[in-house]
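This is what each chain is made of:
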Amino acid sequence: MSARIFTAVLICASLAACGREDTPGPGARDAVHRAQPVALRMVDGRPDPAVLAAEQVLHRDNGNEPQTLDPHLAQGVPAANILRDLFEGLTAESPTGAIIPGAAERWNISRDGLLYTFHLRANGRWSNGDPVTATDFVEGFRRSADPATASQYAHVLRPITGAAGVLAGTAPVDSLGVTALDERTVQVSLVDPTPYFLGLLSHASTYPVHRPSVAAHGERYPRPGNLVSNGAFVLSEWKVRSRIELTRNPHYHGVADVIPERVVYYPYEDSSTALKQYRSGRLHWTWEVPANQFDWLQANYPDELAISPWLGSYFLGYNLSREPFAHSLELRLALVLAVDREILTGKVTRFGEQPTFNLVPPGIGDYEPPEPEWTGWTQAQREEEARRLFAIAGYGDDRPLRVQLRYNTSENHKKVALAVASMWKQVLGVQTELINEEWKVFLQNRQQKVLTQVFRAGWIGDYADPYTFLELFRSGHGQNDFAFSDTLYDTLLEQASSERIPARRNRLMVEAERVLLEDQPIIPLYTYVTRRLVDPHLRGWAPNVMDHHYSRHMFLLKSEPRP
């Protein structure tokens, strides 16, 4: 038996202890039981009312409980999913991810690409009926950028004139280059042309704010009954760790085209629980599916299993502010090389994830990520080098490395952590303690950098540009939980942000990623795919690389009569 086969067998045995292949009894939606939807008919660009289900209530699995629904404080994908339903930026996205008008019905861009002028819709309304004004957007941008708000995403505003000083706390928030020319016209000035800027304006950090609500409720502003929003839905109920319910906003400018009456989000951290709910007919959409049930799902739900590329990278992070990783590049690289990514993606994740040694995923325009030299090595060569570096770092049989690996609650994250720990043990003799934490605690510990050693990380692009991944590691970045800091890296990013020639900008970002990978503050594992079950009755959504899905585009078909 070769070493790789032995490792694969060992990992499969370890995973069997935490989750077996599901071979459950029949559920309400299983092949022989589930009803099929009627054929979709469109009339004047809308679904024929005769084919729509009588009850239009979407039930969506959201993976985790969001920390908050304050758009300028929220972080993480679970919050972003809900905020896209509650709020609307100057731009929005179509079901395929294309940029479309949002709160602004149109815009003009100056010839030099530095001045954007947005014209708001005349019928834009907040959920309480108040008009959405240009000042609401100006105040939203300022609130997001204000250091007193402590937004983790404020850095995305750096392309805007004056943002650097505001973010640093050296300039007043009213010096930010966002102004209201009149009640319905917002103008934004940029330091440099920013090719992804329109896409950025659908991000929560740029959403407007209903100032009277914030003034009246303070920290309780993002609660049901307090939160006034301008999106297609309004927050109506939040039962912690149970459900978040939204109802259709009667004042939304496009309400006539919004079919769902309600949307219910469920924070199922356990994907097996979500699968059971889906099979029982209580969910229309799972956030993900258990990795160890790939074969069963392909056999039983081939038309409902939706797998598509996702603009994201899955990696582990080192805390560089603490030993043993703060001053040992050899140790960090040894752990990187000891992971067999082919086995990880082929035997553990199993849904088409692509092994990688990079931060930036492939497929973003003309960007070609730099390849570390070990990318072309065999796994045997990598493991030999890992053992050599491990010894140089001072570890071995006489002095084994003991390390903690933290991950947030998720069956799939647990499987990946188990597999990585098994590989480290097999190749280097590392003794790994796995620590599972609830999402909020996990984020807090990462940010504080007091307890963490190695932790689950990953990043989903906020917009389709390599910069959204690279800026995460800028010195002082709000989400730089790795404590990575490098002057050359920061300089390259600064130059890339002001470079107007695309080819030169790409070269600067490639060089920045090369600098990052030479210091190895992360352990890249694979690029993401989305993997979920989608009820065939649910229409109006389409796979897109950003995995942004607005509920207002969706609707439910009624079922075919049973024979």
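Nothing here was measured: the structure is a model prediction, and the numbers come from that model. (Residues numbered from 1 in each chain as written. Predicted model: local features only at pLDDT ≥ 70, side-chain atom pairs only at ≥ 80, totals over all residues. Heavy atoms only, no water.)

## Some remarks on the sheet that holds strand S8 (residues 178-182)
Short version of the rule: The criterion for strand pairing is that DSSP finds at least two bridges linking the strands in question. Working definition: helices are DSSP H or I runs of at least four residues, strands are E runs of at least two. Numbering for both runs from the N terminus. Interaxial angle, 0 to 180 degrees, is taken between N-to-C directions of lines fitted to C-alpha atoms, where a helix line uses only the stretch in contact. A contact between two residues is defined here by any heavy atoms of the two lying within 4.5 Å.
With antiparallel pairing, the four strands of this open sheet are ordered in space as S6-S7-S9-S8. Pairing within the sheet leaves two strands with one partner each, and these edge strands are strand S6 (104-109) and S8. The average undirected angle you get between the axes of adjacent strands in this sheet is 25°. Bridge analysis of S6 against strand S7 (residues 115-120) gives five bridges, and the strand direction is antiparallel. Bridge pairing in S7 links Ala 104 to Leu 120. Each of S7, S8 and strand S9 (185-189) touches helix H3 (residues 134-145); the most contacted strand, S8, lies at about 170° to it.

## Brief notes about the environment of Asn 62
Along the polypeptide, Asn 62 turns up in the loop between strand S3 (57-61) and helix H2 (77-86). Considered as a pair, Asn 62 and Trp 287 are 225 residues apart in the sequence and their alpha carbons are 5.4 Å apart. Excluding residues within four positions of it along the chain, Asn 62 makes contact with Pro 78, Asn 81, Ile 82, Tyr 265, Tyr 266 and Trp 287.

## Some details on the pairing of strand S12 (residues 262-266)
Convention followed: When a residue's accessible area, from a 1.4 Å probe over protein chains only, is under 20% of the maximum for its type it is buried; when over 50% it is exposed; and in between it is partly exposed.
Burial analysis of S12 places four of its five residues in the buried class, which makes it a mostly covered element. Relative to S12, S3 runs parallel, the two sharing five bridges. Paired with Asp 61 across the bridge in S12 is Tyr 266. In terms of strand pairing, strand S11 (residues 243-248) meets S12 through four bridges, oriented antiparallel. Counted as the bridge partner of Leu 246 is Val 263 from S12.

## A closer look at helix H7 (residues 271-279)
To be explicit about the condition: Definition of a polar contact: a pair of N or O atoms within 3.5 Å, with one able to donate and the other able to accept a hydrogen when the atoms are protein atoms, and with sequence-neighbouring residues admitted only if both atoms are side-chain atoms.
Across the nine residues of H7, seven count as buried, placing the element largely inside the fold. Residues Ser 271, Ser 272, Ala 274, Leu 275, Gln 277, Tyr 278 and Arg 279 constitute the buried set of H7. Buried residues in H7 make contact with S3, helix H8 (294-300), helix H12 (411-428) and strand S19 (522-533). Two or three places before Ser 272, at the opening of H7, Asp 270 has a side-chain oxygen 2.9 Å from that residue's backbone nitrogen. At the exit of H7 stands Gly 281, carrying a positive phi of roughly 90°.

## Focus: the side chain of Ser 213
Take Ser 213: it is sitting in helix H6 (residues 211-217). Classification of Ser 213 by relative accessible area gives buried; the value is 5%. Setting aside anything within four residues of it in sequence, one finds Ser 213 in contact with Gly 218, Tyr 221, Asn 226 and Val 228.

## A word on the packing of aromatic side chains
Inclusion rule: Ring pairs are drawn from Phe, Tyr and Trp, using the six-membered ring of Trp, whenever the two centres fall within 6.5 Å, and their geometry is named by plane angle: stacked under 30 degrees, edge-to-face over 60, tilted for the rest. Whether a charge sits over a ring comes down to the Lys NZ or Arg CZ being within 6 Å of the ring centre and within 35 degrees of the ring normal.
Counted by the stated rule, this structure contains 27 aromatic pairs. Over the face of the ring belonging to Tyr 395 we find Arg 399, whose NZ or CZ atom lies 4.3 Å from the ring centre.

## A closer look at empty space enclosed by the protein
Basically, it comes down to this: A pocket, in this scheme, is an open set of points on a 1 Å grid over the protein atoms alone with protein on both sides within 12 Å along at least 5 of 7 lines, while a cavity is a set where a 1.4 Å probe fits but cannot get out; residues line either one if an atom lies within 4 Å of a point. Grid points are joined across faces, edges and corners, and a volume is the space filled by probe spheres set on the points. Residues are grouped as follows: Ala, Val, Leu, Ile, Met, Phe, Trp, Tyr, Cys and Pro are nonpolar; Asp, Glu, Lys and Arg are charged; every other residue, Gly included, is polar.
The tally for this structure, following the rule as stated, stands at six cavities of 30 Å³ or more. The space that makes up the second largest cavity amounts to roughly 70 Å³. Around the second largest cavity sit Glu 88, Ala 103, Leu 120, Arg 121, Gly 124, Arg 125, Val 132, Phe 137, Asn 230 and His 253, which together line it. Here the lining of the second largest cavity is composed, by residue class, of four nonpolar, three polar and three charged.

## Some words on the side chain of His 548
Note on placement: His 548 falls in the loop between strand S20 (538-539) and strand S21 (555-556). In this structure the side chain of His 548 is engaged in a polar contact, spanning 2.8 Å, whose partner is the side chain of Glu 93.

## Digging into the nonpolar core
Going by this rule: The set of buried Ala, Val, Leu, Ile, Met, Phe, Trp, Tyr and Cys residues whose side-chain atoms join them within 4.5 Å is what this entry labels a nonpolar core.
With 136 residues, the main nonpolar core has Ile 160, Trp 424, Phe 473 and Leu 525 as its most contacted residues. Ranked by residue count, the leading element in this core is H12, at eight residues. Core analysis: the next-biggest nonpolar cluster, separate from the first, contains 17 residues, Val 57, Val 289, Leu 305 and Phe 351 among them.

## Some points on the pattern of salt bridges
What counts, and what does not: Basic side-chain nitrogens of Lys or Arg form a salt bridge, by our definition, when they fall within 4 Å of a carboxyl oxygen of Asp or Glu.
Evaluated as defined, the whole model comprises 25 salt bridges. Several salt bridges converge on common partners, so that one network encompasses Glu 237, Lys 239, Arg 243, Glu 245 and Arg 262.

## Describing the environment of Gly 102
Among the structural elements, Gly 102 can be located in the loop between strand S5 (99-101) and S6. Taking the C-alpha atoms as reference, Gly 102 lies 6.1 Å from Glu 88; in sequence the two are 14 residues apart.

## Let's talk about the environment of Leu 538
Within the secondary structure, Leu 538 sits in strand S20. Each C-alpha atom of the pair Leu 538 and Leu 58 lies 8.4 Å from the other, and the pair is 480 residues apart in sequence. Beyond its immediate sequence surroundings of up to four residues, Leu 538 is in contact with Leu 58, His 284, Trp 285, Met 554, Phe 555 and Leu 556.

## Description of the confidence of the model for the chain
Interpretation of the predicted coordinates at a detailed level should be avoided for regions scoring low in pLDDT. In plain terms, the rule: Known as pLDDT, the predictor's confidence for each residue is given on a scale from 0 to 100.
Mean pLDDT over the chain: 92, with 94% of residues reaching 70 or higher. Scored below 50 in pLDDT, residues 17-23 shows 17 contacts in the model against residues more than four places distant or in partner chains.

## Details of the pairing of S11
Pairing of strand S10 (residues 233-239) with S11 involves six bridges; the strand directions are antiparallel. Opposite Lys 239, over in S11, you have Arg 243 as the bridge partner. Taking the residues that link successive antiparallel strands as the turn, the S10-S11 hairpin has three residues, and the phi of Arg 241 there is positive, at about 60°.

## What to know about the sheet that holds S11
Read from one edge to the other, the open sheet built from four strands follows the order S3-S12-S11-S10, with strand pairing classed as mixed. Two strands bound the open sheet, and with one partner strand each, they are S3 and S10. Taking the axes of each pair of neighbouring strands and ignoring which way they run, one obtains an average angle of 20° across the sheet.

## What to know about the packing of helix H15 (residues 487-498) against helix H16 (residues 502-519)
Filter applied, for reference: An angle counts as roughly parallel when it lies under 35 degrees, as roughly antiparallel when it exceeds 145, as roughly perpendicular when it falls between 65 and 115, and as oblique in every other case. We call a crossing left-handed when the near helix sits turned anticlockwise from the far one by less than a right angle, and right-handed when that turn is clockwise.
The N-to-C vectors of H15 and H16 enclose an angle of 165°; their axes lie 9 Å apart at closest approach. When the interaxial angle is binned, H15 and H16 end up roughly antiparallel. Remark: the crossing between H15 and H16 carries left-handed chirality. Counting all contacts with H15, which are made through Leu 488, Tyr 489, Leu 492, Leu 493, Gln 495 and Ala 496, the residues of H16 involved are Arg 505, Leu 508, Met 509, Glu 511, Ala 512, Val 515 and Leu 516. A per-class count over the contact of H15 with H16 returns 10 nonpolar, one polar and two charged.

## Observations regarding unusual backbone geometry
Of all residues except glycine, most have a negative phi; of all peptide bonds, most are trans. Cis rather than trans, the peptide bond between Glu 323 and Pro 324 has omega equal to 15°. In this model, Ala 483 sits at a positive phi of 60°, which is unusual for a non-glycine residue. Tracing the sequence through the fold places Ala 483 in the loop between helix H14 (467-470) and H15. Residue Ala 483 is classed as partly exposed on the basis of its relative accessible area, which comes to 29%.

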